[in-house]
Amino acid sequence: MSYFSKTKENPRQALYHKAHEIMQISRHISDYLIPDLAVLNEKGLEDECIYFTGDIIRQSNSLIPNIKKAENEFFQEARTQYILAVGNLTDRLSRNCEKLEYANSNGREFVKLLKQEIKKFRKLQKIWRLSL
């Protein structure tokens with residue numbers, strides 16, 4: 001049974017819905033991880049993984065605007081650029097999740113949830129690309 005038959009949504013609605021879920025999960029993960037990662041280590045430096053929390057928020061927030069731009073663009077060449085931008089954002093979001101899995105925090109388990117949602121988003125993204 002596919003994701004669409006469960007939710008009764010068309011591919012575009014499902015993609016928007018999943019992008020919105022990813023955005024919310026990213027914010028929650030960042031809010032949860034920041035207090036653990038903001039603590040200075042013995043050398044007086046902050047954990048470098050703290051920057052990945054901001055990256056996942058920025059990248060997840062950019063998904064929906066790029067999806068809208070791709071759908072509203074008249075010219076195929078410009079539409080393709082936005083489609084590629086959504087793909088690149090998804091790739092970077094996934095890579096940053098992998099980096100956050102090694103963070104020194106109890107919230108690492110939540111990053112796995114985000115990775116699962118990104119995986120679902122990729123499947124929806126393939127169908128969406130074909131519908132444009």
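Procedures and definitions
- Residues numbered from 1 in each chain as written.
- Predicted model: local features only at pLDDT ≥ 70, side-chain atom pairs only at ≥ 80, totals over all residues.
- Heavy atoms only, no water.
- Core = buried A, V, L, I, M, F, W, Y, C linked by side-chain atoms within 4.5 Å.
- Buried < 20%, exposed > 50% of the residue type's maximum accessible area, 1.4 Å probe, protein only.
- Helix = DSSP H or I, 4+ residues; strand = E, 2+ residues; numbered from the N terminus.
- Contact = heavy atoms within 4.5 Å.
- Salt bridge = Lys/Arg side-chain N within 4 Å of Asp/Glu carboxyl O.
- Patch = residues over 30% accessible without salt bridge, like charges linked within 9 Å, V, L, I, M, F, W, Y side chains within 5 Å.
- Areas by Shrake-Rupley, 256 points an atom, 1.4 Å probe, with all protein chains shown as cover.
- Lys, Arg positive; Asp, Glu negative; His and termini not counted.
- Charge placed at Lys NZ, Arg CZ, Asp CG, Glu CD.
- Polar contact = N/O pair within 3.5 Å; in protein donor to acceptor, adjacent residues only side chain to side chain.

In this structure, L63, L100, L114 and F121 are the most contacted members of the largest nonpolar core, which totals 29 residues. Mapped onto this core, the elements with two or more residues apiece are α2 (11-37), α3 (50-72), α4 (76-100) and α5 (108-131). The element contributing the most residues to this core is α2, with 8 residues. Those residues in contact with F121 that sit more than four places away from it in its chain are L15, K18, A19, I22, L63, I67, V86 and T90.

Counted according to the given criterion, the structure contains 7 salt bridges. Ionic pairing is found between K18 and E21, a salt bridge with its closest N-O pair at 3.0 Å. Highlighted residues: K18 and E21, both in helix α2, separated by 3 residues, approximately one helical turn. Residues K115 and E101 are paired through a salt bridge, measuring 3.2 Å at the closest nitrogen-oxygen approach. Of this pair, K115 sits in helix α5 while E101 is found in the loop between α4 and α5, placing the two residues 14 residues apart along the sequence. Among the residues examined, E101 registers a relative accessible area of 23% and is labelled partly exposed. Beyond isolated ion pairs, a larger network of salt bridges with shared partners links K18, E21, E117 and K120.

Another aspect to go through is a positive patch on the surface. Side chains of K119, K123, K126 and R129 sit close together on the surface and give a patch of like positive charge. Tracing the chain through its elements places K123 in helix α5.

With respect to the helices and strands, T80 occurs in helix α4. Counting along the chain gives 10 residues from T80 to A70, while the straight-line C-alpha distance between them is 7.2 Å.

What follows covers the side chain of T53. As for its placement among the helices and strands, T53 is situated in helix α3. Looking at T53, the relative accessible area reads 2%, which means it is buried. A polar contact is formed between the side chain of T53 and the backbone oxygen of I50, at a distance of 2.5 Å. Setting aside its immediate chain neighbours within four residues, T53 contacts S30, L33, I34, L37 and L100.

In short, geometric facts, not functional conclusions.
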